Amino acid sequence: MQQKTFPIIIEKEEEGGYSVSNPALEGCYSQGETIEEALQNIREATLLCLEDEEAALQRREVTVQMVTV
């Protein structure tokens, strides 16, 4: 798989730890007790989201047609 780079949003939680999200992939988020753990977890979540997205694209039927007017 080709490496991709994504912007990640990290938010410190009031009760402790960090929540992280990948805004480029809908529903892709995680958390961790430390920033390092949160970043590792969002890497794993991103890989899973990419796999899900690829599977969804493979199930879609898309064709291109030409229309002359």
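This text follows the structure it describes.
Scope of this entry: the structure provided in the associated data block. Just so it is clear, the structure is predicted and the values come from calculations on it, not from any experiment. (Residues numbered from 1 in each chain as written. Predicted model: local features only at pLDDT ≥ 70, side-chain atom pairs only at ≥ 80, totals over all residues. Heavy atoms only, no water.)

**A closer look at the overall build of the protein**
Secondary structure assignment for the protein yields 1 helix and 3 strands. Each helix and strand of the protein, ordered N terminal to C terminal, gives the series β-β-β-α. Going through the 69 residues of the protein one by one, you find that 20% of them count as buried. Long-range pairs, those at least 24 residues apart, make up 16% of the contacts in the protein between residues at least 6 apart in sequence. Surface accessibility of the protein: about 6,100 Å² in total, with carbon and sulfur atoms responsible for 49%. (Helix = DSSP H or I, 4+ residues; strand = E, 2+ residues; numbered from the N terminus. Buried < 20%, exposed > 50% of the residue type's maximum accessible area, 1.4 Å probe, protein only. Contact = heavy atoms within 4.5 Å. Areas by Shrake-Rupley, 256 points an atom, 1.4 Å probe, with all protein chains shown as cover.)

Nothing here speaks to function; it is geometry throughout.
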